[in-house]
Amino acid sequence: SNCWGYGEDDGPFFWHKGYPIAQGNRQSPINIVTSETVYDSSLSPLIVSYEHCTSISISNNGCSVAVEYADTEQGPVIEGGPLSDAYRLKQFHFHWGHKDYHGSEHTVDGKTYASELHLVHWNTSKYQTFREAAAASDGLAVLGVFLEAGEEHQGLLKITDALNMVKFKGRTADLKEFNPKCLLPKNLKYWTYPGSLTTPPLHESVIWIVFEEPIEVAKKQMEKFRMLLFSQEEEDEKFMENNFRPPQPLKGRQVCASYN
Ligand SMILES: CN[C@H]1CN(c2cccc(OC)c2)S(=O)(=O)c2sc(S(N)(=O)=O)cc21
Ligand SMILES: [Zn+2]
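Residues numbered from 1 in each chain as written. Chains lettered and ligands numbered in written order. Predicted model: local features only at pLDDT ≥ 70, side-chain atom pairs only at ≥ 80, totals over all residues. Heavy atoms only, no water.

Draft legend 1. Quick peek at the overall build of the protein. Along the backbone of the protein there are four helices and 15 strands. The C-alpha radius of gyration of the protein comes to 17 Å, within 12% of the 18 Å expected for a compact globule of 260 residues. Once the C-alpha set of the protein is aligned to its principal axes, its extents read approximately 55 × 40 × 40 Å. In the protein, which comprises 260 residues, the share counted as buried stands at 55%. Pairs at least 24 residues apart make up 72% of the contacts formed inside the protein by residues separated by at least 6 positions. Approximately 11700 Å² of the protein is accessible, and the part contributed by carbon and sulfur atoms is 50%. With 24 positive and 34 negative side-chain charges, the protein shows a separation of 1 Å between the mean positions of the two kinds. (Helix = DSSP H or I, 4+ residues; strand = E, 2+ residues; numbered from the N terminus. Rg over C-alpha atoms; globule rule 2.2 N^0.38 Å. Buried < 20%, exposed > 50% of the residue type's maximum accessible area, 1.4 Å probe, protein only. Contact = heavy atoms within 4.5 Å. Areas by Shrake-Rupley, 256 points an atom, 1.4 Å probe, with all protein chains shown as cover. Lys, Arg positive; Asp, Glu negative; His and termini not counted. Charge placed at Lys NZ, Arg CZ, Asp CG, Glu CD.)

Draft legend 2. Representation of the site of ligand 1 within the structure. Around ligand 1 there are 16 residues in total, and Gln91, Phe130, Leu197, Thr198 and Thr199 lie nearest to it. Contact distances for ligand 1 include 2.9 Å between an oxygen atom and a side-chain N or O atom of Gln91. In this structure, His93 approaches ligand 1 through a side-chain N or O atom, which is 3.3 Å from a nitrogen atom. Expressed as a share of its isolated accessible area of 550 Å², the protein-covered part of ligand 1 is 83%. Among the elements of the structure, strand 7 (87–96), strand 9 (115–123) and helix 2 (130–134) are those that each provide at least two residues to the shell around ligand 1. Residues of the shell around ligand 1, tallied by class, amount to eight nonpolar, six polar and two charged. (Near = heavy atom within 4 Å. Polar contact = N/O pair within 3.5 Å; in protein donor to acceptor, adjacent residues only side chain to side chain. Nonpolar A, V, L, I, M, F, W, Y, C, P; charged D, E, K, R; others polar.)

Draft legend 3. Quick look at the coordination of the zinc ion (ligand 2). For the zinc ion (ligand 2), the full set of protein donor atoms is His93 (NE2), His95 (NE2) and His118 (ND1), at a range of 2.0 to 2.1 Å. Read N to C, the donor residues that coordinate the zinc ion (ligand 2) are spaced as H-x1-H-x22-H. Of this pair, His93 sits in strand 7 while His118 sits in strand 9, placing them 25 residues apart in sequence. Just as His93 is buried, His118 falls in that class too. (Donors = N, O, S within 2.8 Å, 3.2 Å for Na, K, Ca; no water.)

Draft legend 4. Focus on the pattern of salt bridges. Counting across every chain of the model gives twelve salt bridges. Across the pair Glu237 and Lys167 runs a salt bridge, and its minimum N-O distance is 3.8 Å. Of this pair, Glu237 sits in the loop between helix 4 (219–225) and strand 15 (256–257) while Lys167 sits in the loop between helix 3 (157–160) and strand 11 (172–174); the two residues are 70 residues apart in sequence, bridging distant segments of the chain. The exposure class of Glu237 is partly exposed, given its relative accessible area of 47%. Here Lys167 falls in the partly exposed class, since its relative accessible area comes to 26%. With a shortest N-O distance of 2.2 Å, Glu233 and Arg171 are connected by a salt bridge. (Salt bridge = Lys/Arg side-chain N within 4 Å of Asp/Glu carboxyl O.)

Draft legend 5. Structural view of the pairing of strand 7. Here strand 7 lies mainly inside the structure; nine of its ten residues are buried. Bridge count for strand 5 (residues 65–69) against strand 7 is three bridges, and the pairing is antiparallel. Opposite Val67, over in strand 7, you have Phe92 as the bridge partner. The pairing of strand 6 (residues 77–80) with strand 7 spans two bridges and is classified as antiparallel. Each residue of the ladder has a partner; that of Val77, found in strand 7, is Arg88. Hairpin connection between strand 6 and strand 7: a loop of six residues separates the two successive antiparallel strands, and Gly81 in this loop has a positive phi of roughly 60°. (Pairing = 2+ DSSP bridges.)

Listed below in structure tokens is the structure:
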């Protein structure tokens, strides 16, 4: 099991002890200062090809809830935008807070959102396995989507209705044919910058693509994430919430905007 977490004695401020890269030069998340982003006209539109979506399962891995995808040639891929290669979807997961006013990892001019969805992809053009890609500087591409409290999100219902089946750490449930395209915002304007995984092992291997427009989810859908547990059955109940890392130093990186 992980020796890191989000508590007072194993949370983000302690991670550097086991993972010195935590104090590296391209750590994530960051606060996106919109006045300092640079419009990059060379950024082509992002191409999201999620047609063949063979989701397998949804699981509580003790730090988040994740939906895993089969690792097949014709799986869901993204390309274009800041990417020089094709990146295949491996899993998506969420980060959220104790209340709706916070919970996202990236912030925008200091604004926090209720939650942040991460769709994790790996570079299948250059690397043979996910593990190999996860340690390479251009190995991963993660799409970040902000969630804010508002109208009920129909596409997310299949996920939020499945959460009671994976309440405890280590639990997995079938979740077939879930196409996450419905979780993307209407407007695919994005910011992009070179960063890292936001949890240990904190590899500096992620090209981040963060959409500006949040999606709306109902308060009762957000509440369902907060009834998940960090703990296993038979352990003291610890509600899974505030599983987000705070913004990290930019260290001179430039954040590019896909739009002017
Ligand atoms: C526990 N969370 C991570 C698990 N993974 C991971 C990555 C690389 C190596 C590895 O073990 C060697 C596991 S992961 O790729 O699924 C991701 S993506 C991600 S985030 N929040 O930056 O999008 C965190 C993690
Ligand atoms: Zn994440």
